[in-house]
Structure formats: structure tokens, C-alpha cells
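The residues making up each chain are set out below.
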Amino acid sequence: MCELLGISSDHRIILNQYLQTFGLRSVRHPNGWGYASFEGSGSACGGNRKCVSLIKEPGTAARSPLFRAMLQTEVCTSCAMAHIRYATVGNVEYANCHPFSERTANGRQITLIHNGTVFQAPELNRFLKLQNGETDSERILLYMVDGINRLEQERRRELTGKERLRFFDSVITGLSAGNKLNLIVFDGEYLYVHTNCRGTLSFLKRDGSVLVATEPLSDEEWKPFPLFRLCAFQDGALVYEGSPHAFEYVPNEEDLKNLYLAYACL
């Protein structure tokens, strides 16, 4: 499938070593890469929200002059995410590369990376004609943004932090049934992380920081990421844990076969 990397910290950390190791794995995941960092705050970003800086391209990170150029300078930030893609749904093109990022009606930027596949989620189908690319991952993001817009329109105000935490928990738990849903999402304030597939996500805690990756990126003490519940981080600290659910995804060839057949008919 794909590989994910997410970082939340209470201070800026240098990421070059982790990104270098991450990029080398793109030989096995050659269909696109992307990196997003989240910095600062203020009116340009919407109050206390961090601003998004995003770079991505189709192709293999390990062979990309753009990726190499990025690592020739110090990559230093307190919040970021990166993705290398192995395509299961969608062609190898820019529009299908992660991260995906969209603004809500109130200007909040939601950014998402996904390792997995959606097999059962008819609620996403109405976004097929609205998305820029072809991936189920982009449809998940559009579904989230649409849900926030609907709630904020009903309440005639922006959602509070606690309300957003509960919203993402509900949406991600609901989408986990029958699907592989390894996700990292950033909403300008919180970094949300979820996995429902054993052995496919690890995390490292160090010096006020948490790093999350599909596989360990160093010889440090990485541990398996908690399964079956949404976790949200802010400035390297765990600030929210959702209720555990029972929607474990176990990989099987039949799911992928049916997915390819369905995609061929689109």
C-alpha cells in the first residue's frame, strides 16, 4: 500500500534523518510522495491555526531531484506529515498524491494522508464527481470537510476544539468498518492518528515529541501504535483518546480483487 509519517512536538526538531530513511523506502512505494509542514499562526492562518506548506509530486521520492533538494537544507519543524504512495486506486499523477488538503467554509485547512483502502463506504460515493483525483483517500477528506461545514452551518458558528475531536472520532470510527483506515489528519491545531490494522503503524516518544510512522525510521525505541481508537496530539502531547471500536481490518486478496473490478467499471 503506502507509508505514513507524522510529527507533533512542543519544539522544532530536525527531520532530515527520518525523511531520508522514509524516502529510501519509496523504492517499494514508487507512485508518488508528498510532505506538508505546519507553521506559525495568526490572521493569515485563521487565528490560532497553523499554516500549511505542501509539496508533492508523482514518482519515486528516492529518485526525485525535488526530494533530494528539500533534504539538502535543514528540514526543521514542530508539526509535519509525509507520505509515499503505492497506488491501489487512481493513476500515478499529481492529483492522486498525498497529502490532500482542503479548506472548510470557515477557512480551516484540513490535511490528510492515508495508508489503506476503502472497500465499504457508500457515503463517500457522492464525492466521486467533486474530487480532483481518483483516490478513496481524497474522498475521505472531502467527506470530513463536508461534515464540518454541515455542523457549523447548523450551529451558526465554528466548532470548538472538543467538538472537532468528537467529530473526527465519530467519522473515523464509522469509516473503519470493513476498511483499512490508517490515517493521519491535521486540522490546524490537532494531529489525529488512527490505525485498525495490526503491525502497520509505530510511534516514538522523545523529548516532548511524538513521531508516527508505518515502520520504525531509526534504532530508537519505537512501539506499536494503539489499535482501534483515534488519538489526537497537540504540541507532542496526547490530548484525546477516542472510545475503542471493534473494526479490525485483516488484509485479504478477495477485498483487493473486488476493488479492482469495481474501479475498472467507473
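Residues numbered from 1 in each chain as written. Predicted model: local features only at pLDDT ≥ 70, side-chain atom pairs only at ≥ 80, totals over all residues. Heavy atoms only, no water.

A. Representation of the pattern of salt bridges within the structure. As enumerated under the stated definition, the model contains 17 salt bridges in all. Among the ionic pairs, Arg49 bridges to Glu158, the shortest N-O distance being 2.5 Å. Remark: Glu158 occurs in the loop between helix H3 (136-155) and helix H4 (161-175) and Arg49 occurs in the loop between strand S2 (33-39) and strand S3 (51-57); sequence separation between them is 109 residues. Since its relative accessible area comes to 5%, Arg49 is described here as buried. Across the pair Glu220 and Arg206 runs a salt bridge whose closest N-O atoms are separated by 3.8 Å. A residue pair is termed long-range when its members are at least 10 positions apart, and Glu220 in the loop between strand S10 (209-213) and strand S11 (223-224) and Arg206 in strand S9 (residues 202-206) qualify at 14 residues. Of the residues examined, Glu220 reaches a relative accessible area of 33% and is grouped as partly exposed. Assessed through its relative accessible area of 26%, Arg206 is described here as partly exposed. Through salt bridges with shared partners, one network takes in Arg49, Arg108, Glu158, Arg164, Asp187 and Glu189. (Salt bridge = Lys/Arg side-chain N within 4 Å of Asp/Glu carboxyl O. Helix = DSSP H or I, 4+ residues; strand = E, 2+ residues; numbered from the N terminus. Buried < 20%, exposed > 50% of the residue type's maximum accessible area, 1.4 Å probe, protein only.)

B. Local environment of empty space enclosed by the protein. According to the stated counting rule, one finds three cavities of 30 Å³ or more in the structure shown. Within this model, the largest cavity holds a volume of roughly 80 Å³. Lining the largest cavity are Cys2, Arg85, Tyr86, Ala87, Thr88, Val89, His98, His114, Gly116, Thr135, Asp136 and Ser137. Elements represented by at least two residues in the lining of the largest cavity include exactly strand S6 (109-117) and H3. Residues that form the lining of the largest cavity fall into these classes: four nonpolar, six polar and two charged. The calculated volume of the second largest cavity comes to roughly 50 Å³. If you trace the second largest cavity, you find it lined by Ser8, Ser9, Lys50, Ser78, Cys79, Phe186, Glu189, Leu191, Phe233, Gln234 and Asp235. If you list the elements that add at least two residues to the lining of the second largest cavity, you get strand S1 (3-14), strand S4 (76-84) and strand S12 (231-234). For the lining of the second largest cavity, the class distribution of residues is four nonpolar, four polar and three charged. (1 Å grid on protein atoms, 1.4 Å probe; cavity = no way out; pocket = protein on both sides within 12 Å on 5 of 7 lines; lining within 4 Å. Points joined across faces, edges and corners; volume = space filled by probe spheres on them. Nonpolar A, V, L, I, M, F, W, Y, C, P; charged D, E, K, R; others polar.)

C. Looking closely at helix H1 (residues 16-24). Among all positions of H1, only Asn16, Tyr18, Leu19, Phe22 and Gly23 are buried. Mapping the buried residues of H1 onto a view down its axis gives an arc of 160°, with all of them on the same face. The exposed set on the far side of H1, more than 90 degrees from its buried face, consists of Gln17 and Leu24. (Arc of directions from axis to C-beta.)

D. Local environment of unusual backbone geometry. With an omega dihedral of 0°, the bond running from His98 to Pro99 counts as a cis peptide bond. With respect to the element layout, Pro99 can be found in the loop between S4 and strand S5 (100-103). In the Ramachandran plot, Phe228 falls in the positive-phi region, its phi being about 65° despite a non-glycine side chain. Structurally, the position occupied by Phe228 is in the loop between S11 and S12. The class for Phe228 is buried, based on a relative accessible area of 16%. One non-glycine residue, Asp235, lies in positive phi territory at about 55°. Tracing the backbone through its elements, the reader meets Asp235 in the loop between S12 and strand S13 (237-241). By relative accessible area, Asp235 is classed as partly exposed at 41%.

E. Spotlight on the nonpolar core. Residues Leu112, Ile140, Met144, Phe168, Val185 and Tyr192 are the most contacted members of the largest nonpolar core, which totals 26 residues. Broken down by secondary-structure element, the contributors of at least two residues to this core are S6, H3, H4 and strand S7 (180-186). When residues in this core are grouped by element, the largest group, six residues, is from H4. With sequence-adjacent residues up to four places away left out, Met144 is seen in contact with Leu112, Phe167, Phe168, Val171, Ile172, Leu183 and Val185. (Core = buried A, V, L, I, M, F, W, Y, C linked by side-chain atoms within 4.5 Å. Contact = heavy atoms within 4.5 Å.)

F. Geometry of the sheet that holds S3. Strand order across the open sheet formed by seven strands is S3-S2-S4-S1-S10-S9-S11, with antiparallel pairing between neighbours. Across the chains shown, the open sheet's two edge strands, defined by having one partner strand only, are S3 and S11. Pairing of S2 with S4, which is carried by five bridges, proceeds in the antiparallel orientation. Opposite Gly34, over in S4, you have His83 as the bridge partner. (Pairing = 2+ DSSP bridges.)

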